[in-house]
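Examination of the molecular architecture
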Amino acid sequence: MSNAATTEEFPGVAALIHKHLPKAQFVASRTSNDVDIRTDPAHLIELVEGLKSRPELAFDYLRNVVGLDMEAEGLEVKYHFYSFAHNLHVQVSVPTPPGNPHVPTLTHLYAGADWHEREAAEMFGLVFDGHPNPKNLLLEEDLRIHPLLKAHPLQKVEILQGIEEPTPGFKF
Amino acid sequence: MSIWPEERVLPLERDGLNTVDMTINVGPQHPATHGVFRMVLTVDGEVVVDCEPYIGYLHRGLEKLTESADYRQAMGWWDRTDYLAGMCCEMAYCMAVEKMAGIEVPERAEYIRVMMAELSRINSHFMFLGAFGADVGSFGTSFIYAWRERERIYDFFEEVAGDRMFPTYFRPGGVQMDLPANCESRVRGLISSIRQGIEDFDGLLTGNEIFVERCQGLAPMTTERAINWGITGPILRATGLPWDVRKAEPYSVYDRLDFEIPTGKQGDIFDRYFVRLAEVYQSTRIVEQCLEQMPGGLVLNPDLPKTLRIDKGECYIRTEGTKGEYGVYAMARGGNKAYRMKLRSPSFSNLAALKEMVVGSYLADAIIILGSLDIVLGEVDK
Amino acid sequence: MALNDATPPQVKPYVPDFGSEAERLRPVEIPEARAAYRLVLPGVMQVGVDTVFAMSRKSSLWPMTFGLACCAIEMIGTFMANHDLDRFGIVPWPSPRQSDVMIVSGTVTKKMAPAIKLLYEQMPNPKYVISMGACATNGGPYTEYDRVLQGVDKIIPVDVYVPGCPPRPESLLDGFLALQRKIMEEKRTVG
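Residues numbered from 1 in each chain as written. Chains lettered and ligands numbered in written order. Predicted model: local features only at pLDDT ≥ 70, side-chain atom pairs only at ≥ 80, totals over all residues.

1. Some remarks on the overall build of chain B
Check the secondary structure of chain B and you find 15 helices and 8 strands. Taking 21 Å as the expected radius of gyration for a compact globule of 382 residues, we find that chain B reaches 23 Å, a close match to that expectation. The principal-axis extents of the C-alpha atoms in chain B amount to approximately 90 × 45 × 35 Å. Residues counted as buried form 54% of the 382 residues belonging to chain B. Put simply, 72% of the contacts in chain B that link residues at least 6 apart link residues at least 24 apart. (Helix = DSSP H or I, 4+ residues; strand = E, 2+ residues; numbered from the N terminus. Rg over C-alpha atoms; globule rule 2.2 N^0.38 Å. Buried ≥ 20, exposed ≤ 12 C-beta atoms within 10 Å, placed from the backbone. Contact = placed C-beta atoms within 7 Å.)

Okay, structure coming up:
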């Protein structure tokens, strides 16, 4: 899709964002149908506050928060923002270094981030610093497993039906 | 102190009356909750003071299972997320796979997909009308009215696609098989009976003074708060913002179809109900236009490989689901299985705002506020 | 030959010859069994108490509405006018304390399992359980996920399994009829 030699530095919406937030640090690229902006957790809050408050950008709707397990490269969080006023959509990716899955929370900016972050935290083991209520949402309250990690296996049918022994060392 | 209660006069000053807040568990099994949803309400007398929702009682591992199955096999689980309107979910999933793989869909298939998706939307809205009427007070009548039309639509689905609720009729690259020969007359008959059903519901509910009294002015919501919570769909349109994914970011053939976006004024319960009632009518208009505009031709892309392998791809597909923006984020990294597929479910975001809507209203109204959100737990719990 | 001789005249025993109708008119063997009821006097009938109890139980099964997931929609559809269940005496009842049968319709997750067990224990005897759909039978399409209980019969005893994903309303109707046959069959063993 995008070759290193012919890539434009700020495709589509990223050019607009760079124009209005010149001090924000990010790397832009294209996905199959949108523009992706990559920052790191330290610069996330600044970028998102800029996206929300600048009237030319006005990204007032947090659509989606996706947690990802990129095995060797650590966990990653992707945010999707939309601007009603200008009909713009952008994806913000935040890779976290392996072993340090901390990302600042966005609940003070977008109320809808609350439940999305709780779900991403319990499914992957991400930690959203400053979240007001970091309890399990979909899993039981006292369960500390992270089902969507690639290392967490799907159970074979025979194990679940109690016919076969589970793999030794992995107990629930 | 006298033993007769009438002779004991209690000092009924405002601040002197000692009361205790009561905790009521509207548990996972309750005839009014639309699925297995639990909320713990703290009530002071009859007024709700605090509300804590608990979800996850239907968490079935959609995203984990999708990573373990082929692109075409995984659609069976995505059907069952919004189980009231199976084909709307199939549409979003197929579009995500097609976008990543770069597969083209023939035009006839696009029109068939839109027609099926709109009929599913009508299905889901009728279920809402039935269940909401039951919440407000007409215990069984509204369900029966709703099911009269739903059974007709289910019969049509069975004739075309093979199954009533989850036909897995769509495929990445088109639909599975063509419509039967008598389809046009069948659909025209369906549309006229659905329009009659809307009239019946209008008479049953909107014309009922008790219903209007209960619902009007209850839990109003402003557009700014709704956007901040991430609320979309009929609830956002009821607050006054005429935003619909089919018009703002059109997909499939929606840009060639002519329909309106019904909006409300103050975002209260009555507006949400009325927006959905009006949307059923708009959906019938869309189905009519699909019948008129449908070209001939193939219904499935003939160059599909036997096993679908996608080397690299990432996309976020947003569609107008029945409850709001139904989004599918997909990432592929080689092989015939998806690397990550996330469901952005509208009911999940709508439900997060429940506490704000319910606090300050009466206990009976808390139930109908929950009903007006029109949640489906398959989506919320993934 | 005297007139009061004891030998009777030689008479061939009468064997009726039906000709071509012989097959149709052969008498049927009735197995010896207990009759369900008998009339002892005009207007007075004698019936075993177990038969009466079983007939009244099967004719008035009140299910507790326990819709969990997609199967709940088909269950509601079976109660509705197209495939009416009310004509069998089956009236959906919200409270577990006053219902006879629990239709577990939908996927049972481990988070929901304690609530199901509690509801089952709250139902008074005699109670029955219909496990509707593939998810309640053995986990269904969500078999491999560890948060899903692989079948509701792991926590409560099930009487009738109705297969399908989701089962058609006619299938659920068939399940109820099977439950009625089961109630009539077990009338002598259950009090």
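Once the structure has been displayed, the description carries forward.
2. Overview of helix H3 (residues 86-101) of chain B
Residues and elements named next belong to chain B. Taking 1.5 Å as the rise per residue, H3 with 16 residues should run 22 Å; its terminal C-alpha atoms sit 23 Å apart, in good agreement. A large share of H3 lies buried, amounting to 15 of its 16 residues. Backbone geometry just after H3 places glycine 102 at a positive phi near 75°. (Expected span 1.5 Å × (residues − 1).)

3. Details of the interface of chain A and chain B
If you look at the interface, chain A gives 26 residues, while chain B gives 29 residues. Sorting the residues of the side of chain A that touches chain B by element identifies strand E3 (61-70) and helix H3 (113-124) of chain A as the ones contributing at least two each. Element by element, the count of residues in the side of chain A that touches chain B is highest for E3 of chain A, at 6 residues. Of the residues in the side of chain A that touches chain B, the class split is 14 nonpolar, 8 polar and 4 charged. (Nonpolar A, V, L, I, M, F, W, Y, C, P; charged D, E, K, R; others polar.)

4. Section: the sheet that holds strand E7 (residues 325-332) of chain B
Residues and elements named next belong to chain B. Read from one edge to the other, the open sheet built from 3 strands follows the order E6-E7-E8, with strand pairing classed as antiparallel. The strands lining the two open edges of the sheet, one partner per strand, are strand E6 (313-320) and strand E8 (340-344). Between one strand and the next, the sheet's axes are offset by a mean angle of 10°, whatever the strand orientation. Direction of pairing for E6 relative to E7: antiparallel, over a ladder of 8 bridges. Residue pairing for E7: glutamate 320 is matched across the bridge by glutamate 325. Lying on the sheet, H3 is in contact with E6 and E7; it crosses E6 at an angle near 150°. (Pairing = 2+ DSSP bridges. Axes fitted to C-alpha atoms, helices over the stretch in contact; angles between N-to-C directions.)

5. Here we look at the environment of serine 56 of chain C
All names here are of chain C. Within the fold, serine 56 resides in helix H2 (residues 49-59). Accessibility expressed as a C-beta count within 10 Å gives 11 for serine 56, which makes it exposed. Residues serine 56 and methionine 123, spaced 67 residues apart in sequence, show a C-alpha to C-alpha distance of 18 Å.

6. Some words on unusual backbone geometry
Of note, the amide linkage connecting asparagine 125 of chain C to proline 126 of chain C takes the cis form, showing an omega dihedral of -10°. Here proline 126 of chain C lies in the loop between helix H4 (113-122) and strand E5 (128-132). Looking along the chain, the bond that leaves cysteine 165 of chain C and enters proline 166 of chain C is cis, with omega of -10°. Along the chain, the position of proline 166 of chain C falls in the loop between strand E6 (160-162) and helix H6 (169-185). Backbone geometry places alanine 58 of chain A, a non-glycine residue, at a positive phi of 50°. Examined against the element boundaries, alanine 58 of chain A turns out to sit in the loop between helix H2 (41-53) and E3.

7. Some words on the sheet that holds E3 of chain A
Residues and elements named next belong to chain A. Spatially, the 5 strands line up as an open sheet ordered E1-E2-E5-E4-E3, and their pairing is mixed. Sheet topology places strand E1 (27-30) and E3 at the edges, where each strand pairs with a single neighbour. With strand direction ignored, the average angle separating the axes of adjacent strands in the sheet is 25°. One ladder, built from 9 bridges, connects E3 with strand E4 (residues 74-83); its direction is antiparallel. Its bridge partner lying in E4, valine 65 is registered against tyrosine 79.

8. A word on the pairing of E8 of chain B
Residues and elements named next belong to chain B. Where burial is concerned, most of E8 is hidden: 5 out of the 5 residues are buried. Where E7 meets E8, 5 bridges bridge the pair, whose relative direction is antiparallel. Bridge pairing links tyrosine 329 to lysine 342 in E8.

9. Things to note about the interface of chain C and chain B
Taken together, the 25 residues of chain C in the interface contact 25 residues of chain B. Going through the elements one at a time, helix H3 (70-79) and H4 of chain C are the ones with two or more residues in the side of chain C that touches chain B. Residues that form the side of chain C that touches chain B fall into these classes: 17 nonpolar, 5 polar and 3 charged.

10. Some remarks on the environment of methionine 70 of chain A
Relative to the helices and strands, methionine 70 of chain A is located in strand E3. The spatial distance from the C-alpha of methionine 70 of chain A to the C-alpha of leucine 149 of chain A is 9.1 Å, given a sequence separation of 79 residues.

11. Some remarks on the nonpolar core
Grouped together as the largest cluster of nonpolar side chains are 204 residues, with contacts concentrated most on Ala96 and Ala330 of chain B together with Val104 of chain C. Among the elements that line this core, the one with the most residues is helix H4 (residues 107-136) of chain B, at 15 residues. Residues contacting alanine 96 of chain B, with those up to four places away along its chain left out, are Cys315, Ile317, Val328 and Ala330 of chain B. (Core = buried A, V, L, I, M, F, W, Y, C linked by C-beta atoms within 7 Å.)

12. Some thoughts on the confidence of the model for chain B
Here chain B averages 89 in pLDDT, while 95% of its residues score no lower than 70. Reported for the predicted complex are a pTM of 0.87 and an ipTM of 0.87. (pLDDT = per-residue confidence, 0-100.)

13. Some thoughts on the environment of valine 187 of chain B
Residue and element names in this part refer to chain B. Within the fold, valine 187 resides in helix H6 (residues 183-206). Since 20 C-beta atoms lie within 10 Å of it, valine 187 is described here as buried. Spatially, the C-alpha atom of valine 187 lies 33 Å from that of proline 305, the residues being 118 residues apart in sequence.

14. A look at the pairing of E5 of chain C
All names here are of chain C. Buried residues dominate E5, accounting for 5 of its 5 residues. Across the two faces of E5 the burial is the same, with Tyr128, Ile130 and Met132 and Val129 and Ser131 all buried. Note that strand E4 (residues 101-105) and E5 share 5 bridges and pair parallel. Note that in E5 the partner of serine 105 across the bridge is methionine 132. Following the chain from E4 across H4 to the adjacent parallel E5, one finds a crossover that is right-handed. Bridging between E5 and E6 involves 3 bridges; their strand directions are parallel. The residue of E6 that forms the bridge with serine 131 is tyrosine 161. Handedness of the crossover is the feature at issue here: the chain leaves E5, passes through helix H5 (residues 133-138), returns alongside E6, and the resulting connection is right-handed. (Right-handed = clockwise from strand over helix to strand, strands pointing away.)

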